[in-house]
Amino acid sequence: MSPTTQTFTATDTHVKIIGRTHYYNDVLWLALSGGGIEFSFCGTKAEITIKGDAIASTGNNLARIGISVNGKRVIDDQVDQPLKSYTVFESETAQNVVIRVIKLSEAAMSTVGVQCISVHAADGIKPTPDKIHTIEFIGDSITCGYGVDDEHELHSFSTATEDVTKTYAYLTAEQLEADYSMVSYSGYGIITGYTENDHKLITHLLPDYYEKVGKSEGKFDNRLLPQDIRWDFRKFVPDLIVINLGTNDDSYTKEDTAKQTEYAEEYVKFLKKVRRNNPHAPILCTLGIMGDRLYPYVEQAVKQFIRETGDSKITAMKLDEQLTADGYAADFHPSRATHSKAAKQLTSYIKELMKW
């Protein structure tokens, strides 16, 4: 006799919540790169129903999701309809299974919801245990995995070629056995978004959205914009915060010392905002993968922050610049090889810094 099907919603009673999410109308909504769920069960079948937002029917920059079973990706899809069910596991005999659902593409373009999980399992499903450490990553397109599945530097952006699980941040969390939360948006910066005309792009400032669930064109259940919902910082308390912002600011600051100094001053303000919401976590400020011209101003911001607050739980490190030999992804973004090298560099720095 196979056990009857049991259906669950994606609440923290049943699943481990990964990253910033929002539960609304019985659906767990995901916006940011890397948001998702993980659960385990012993049984013969699992089916997951995913809900799209209004963007799902447009065919444009659809949300990309990855579902893995025991560490192996079995579903890699762009959500192109209002509801989609995936049979992710099926077996003749009951097996112990861990299933992870991750939003691979970034927040700005589209959102996606986990509507329900149905299993044939006598004891239902349960959240996987927490890992030893927790890290929050704050970044831009590099952290989102922009173009990582399209290693042609002259190709342009698409959510179809973003995969956060191949980024330095995701790999670092994996190597350090850490649960993570990511707050990252392609083209965003501290004083400006990426610009090609020497004018600031002030619609793309990460500090404006740091205290929100996300920022997206897509609405949760076609009703709620993630940027209208305050994030509850008690839901994820990081042991460490890694910030990697400045690549887009550099498109505006270039060699202009006054602009570079403005970046450093606004960075200090952002650090204070991060600290207000995370009173205890050490902060690590990084830059350099796509150019390190602003790195001295990151160091300046760190020194100024310590001077102004007396808070010395903060440090800066320079990430190695990507090499032509390692190839490039779309729009000259880091390739998988570059991400993997950066993860190695960051992991060893954090191990030493945190004594992990």
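What you are looking at is a predicted structure, and each value in this text was computed from that prediction instead of being measured.

Student: Describe the nonpolar core, listing the residues and the values that go with them.
Tutor: Among the nonpolar cores identified, the biggest contains 44 residues, and Ile-138, Leu-206, Ile-243, Tyr-263, Tyr-267 and Phe-270 are the most heavily contacted of them. Elements with a contribution of two residues or more to this core: strand E4 (27-30), strand E13 (240-244), helix H4 (257-277), strand E14 (283-287), helix H5 (295-309) and strand E15 (314-318). Counting the residues that make up this core, at least three belong to each of domain 1 (4-127) and domain 2 (133-354). Setting aside chain neighbours within four positions, we find Ile-138 in contact with Val-183, Leu-206, Tyr-210, Ile-241, Val-242, Ile-243, Asn-244, Leu-245, Phe-270 and Val-274. One finds Ile-48, Ile-65, Ile-75 and Val-88 within the second-largest nonpolar core, a separate group that totals 29 residues.

Student: Tell me about the UniProt feature "domain: SGNH hydrolase-type esterase" (unreviewed entry) in the protein chain, and please be specific about residues and values.
Tutor: Here, the residues flagged by UniProt with the feature "domain: SGNH hydrolase-type esterase" (unreviewed entry) are residues 137-339. Secondary structure content for residues 137-339 is 28% helix and 14% strand, and the end C-alpha separation is 14 Å.

Student: So what's going on with the packing of H4 against H5? Which residues, and what values?
Tutor: The description of two packed helices rests on the angle between their axes and on the distance between the axes. Two elements in contact, H4 and H5, have axes separated by 8 Å at closest approach and are oriented at 50°. Considering the angle they form, H4 stands oblique to H5. Read as a crossing pair, H4 and H5 show a hand that is right-handed. Contacts between H4 and H5 involve Thr-257, Gln-260, Thr-261, Tyr-263, Ala-264, Glu-265, Tyr-267, Val-268, Leu-271, Lys-272 and Arg-275 on the former and, on the latter, Tyr-297, Val-298, Gln-300, Ala-301, Gln-304, Phe-305, Glu-308 and Thr-309. Class assignment for the residues of the contact of H4 with H5 results in 9 nonpolar, 6 polar and 4 charged.

Student: Account for the UniProt feature "domain: Carbohydrate esterase 2 N-terminal" (unreviewed entry) in the protein chain, with residues named and values stated.
Tutor: As recorded in UniProt, the sites labelled "domain: Carbohydrate esterase 2 N-terminal" (unreviewed entry) are residues 18-129. A helix fraction of 0% and a strand fraction of 63% characterise residues 18-129, whose end C-alpha atoms lie 12 Å from each other.

Student: Describe the pattern of salt bridges, naming the residues involved and giving the relevant values.
Tutor: Tallied over the entire structure, the rule returns 23 salt bridges. Notably, a salt bridge pairs Arg-64 with Asp-149, separated by 2.8 Å at the nearest N-O pair. Of the two residues, Arg-64 is situated in strand E6 (residues 64-69) and Asp-149 in the loop between helix H1 (141-144) and helix H2 (168-175); the sequence distance between them amounts to 85 residues. Take Asp-149: its relative accessible area is 30%, and that puts it in the partly exposed class. When the shortest N-O distance is used, the salt bridge between Lys-84 and Asp-77 registers 2.8 Å. On the accessibility criterion, Asp-77 (21% relative accessible area) is partly exposed.

Student: Run through the sheet that holds E13, naming residues and quoting values.
Tutor: Spatial ordering of the open sheet is given by E12-E11-E13-E14-E15, a layout of 5 strands whose pairing is parallel. Where the open sheet ends on each side, the last strands, each with one partner, are strand E12 (178-184) and E15. Taking the axes of each pair of neighbouring strands and ignoring which way they run, one obtains an average angle of 20° across the sheet. Judged from the 5 bridges that link them, E14 and E15 form a sheet pairing that is parallel. For Ile-283, the partnering residue across the bridge sits in E15 and is Ile-314. This element, H2, spans strand E11 (133-139), E12 and E13 of the sheet and lies at about 165° to E12. Helix H6 (residues 336-354) rests against E11, E13, E14 and E15 of the sheet, and its axis sits at about 155° to E15.

Student: Give me the packing of aromatic side chains: which residues, what numbers.
Tutor: What the rule picks out here adds up to 12 aromatic pairs. A ring pair is formed by Tyr-188 and Tyr-209, whose centres lie 6.3 Å apart and whose planes are at 65°; its orientation type is edge-to-face. Placement of Tyr-188 in the loop between E12 and E13 and of Tyr-209 in the loop between E12 and E13 is noted, with a sequence separation of 21 residues between them. Each member of the pair Tyr-188 and Tyr-209 is classed as buried. On the numbers, 5.4 Å between centres and 45° between planes, the contact of Tyr-210 with Phe-233 is tilted. Placement of the pair is Tyr-210 in the loop between E12 and E13 and Phe-233 in the loop between E12 and E13, with a sequence separation of 23 residues. A single burial state applies to Tyr-210 and to Phe-233, both of which are buried.

Cut-offs applied
- Residues numbered from 1 in each chain as written.
- Predicted model: local features only at pLDDT ≥ 70, side-chain atom pairs only at ≥ 80, totals over all residues.
- Heavy atoms only, no water.
- Core = buried A, V, L, I, M, F, W, Y, C linked by side-chain atoms within 4.5 Å.
- Buried < 20%, exposed > 50% of the residue type's maximum accessible area, 1.4 Å probe, protein only.
- Helix = DSSP H or I, 4+ residues; strand = E, 2+ residues; numbered from the N terminus.
- Domains from an automatic or database assignment.
- Contact = heavy atoms within 4.5 Å.
- UniProt positions renumbered as here; feature names shortened; annotations may be inferred.
- Axes fitted to C-alpha atoms, helices over the stretch in contact; angles between N-to-C directions.
- Parallel < 35°, antiparallel > 145°, perpendicular 65-115°, else oblique.
- Left-handed = near helix turned anticlockwise from the far one by under 90°.
- Nonpolar A, V, L, I, M, F, W, Y, C, P; charged D, E, K, R; others polar.
- Salt bridge = Lys/Arg side-chain N within 4 Å of Asp/Glu carboxyl O.
- Pairing = 2+ DSSP bridges.
- Phe/Tyr/Trp six-rings, centres within 6.5 Å; stacked < 30°, edge-to-face > 60°.

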